[in-house]
Amino acid sequence: MSCYFCGKPRQSWTGYYCDCCSEISRITKLYGEEEVLDILRTTCIRNKKQIKNKIEIVKKEQEEAEAPPLTRSKKKEKCLKEV
Ligand SMILES: [Zn+2]
């Protein structure tokens, strides 16, 4: 039997999807189909190089958001390193 979504072999006789499509299904249930569709449209409808660049930009944004705020002395150090 094949996956209802992609056509590859199903993960089990009782499931409708393969492993990957089962995960996609779970993510879609978690975030909602509109959110997932928006992400797919804004990130995946590009060539591979563009997708890689987009992923790097998002990772960098996440790292900056998670990093502790820079003190004035650290900002100064960072400026000096860039020059
Ligand atoms: Zn599948």
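None of the values given here were measured: they were computed from a predicted structure.

What counts as what
Residues numbered from 1 in each chain as written. Predicted model: local features only at pLDDT ≥ 70, side-chain atom pairs only at ≥ 80, totals over all residues. Helix = DSSP H or I, 4+ residues; strand = E, 2+ residues; numbered from the N terminus. Rg over C-alpha atoms; globule rule 2.2 N^0.38 Å. Contact = placed C-beta atoms within 7 Å. Expected span 1.5 Å × (residues − 1). Buried ≥ 20, exposed ≤ 12 C-beta atoms within 10 Å, placed from the backbone. pLDDT = per-residue confidence, 0-100.

Trainee: Can you help me understand the overall build of the protein chain in this one?
Mentor: Of regular secondary structure, the protein chain possesses four helices and zero strands. Its helices and strands in sequence order give the protein chain the pattern α-α-α-α, from N to C terminus. Relative to the globule expectation of 12 Å for 83 residues, the C-alpha radius of gyration of the protein chain, 20 Å, shows a markedly less compact shape. A sequence separation of at least 24 residues applies to 0% of the contacts in the protein chain between residues at least 6 apart.

Trainee: What should I look at first to understand helix H3 (residues 48–66) in this one?
Mentor: Turn by turn, an α-helix covers 3.6 residues, leaving residues three or four places apart pointing in a common direction. Between its first and last C-alpha atoms H3 spans 27 Å; for 19 residues at 1.5 Å apiece the expected length is 27 Å, and the two agree. With zero of 19 residues buried, H3 lies mostly on the surface of the structure.

Trainee: What is the right way to look at helix H1 (residues 19–31) in this model?
Mentor: With 13 residues, H1 should reach 18 Å at 1.5 Å per residue; the first-to-last C-alpha distance of 19 Å fits that figure. Remark: Gly 32 follows H1 within two positions and exhibits a positive phi of approximately 95°.

Trainee: Can you help me understand the environment of Lys 78 in this one?
Mentor: One can find Lys 78 in helix H4 (residues 72–82). Spatially, the C-alpha atom of Lys 78 lies 40 Å from that of Thr 28, the residues being 50 residues apart in sequence.

Trainee: Sorry, what's going on with the confidence of the model for the protein chain here?
Mentor: Atom-level detail of predicted coordinates should not be read off regions where pLDDT is low. When the pLDDT values of the protein chain are averaged, the result is 87; 99% of them are 70 or greater. Ranking the helices and strands of the protein chain by mean pLDDT puts H1 first, with 95, and H4 last, with 77.

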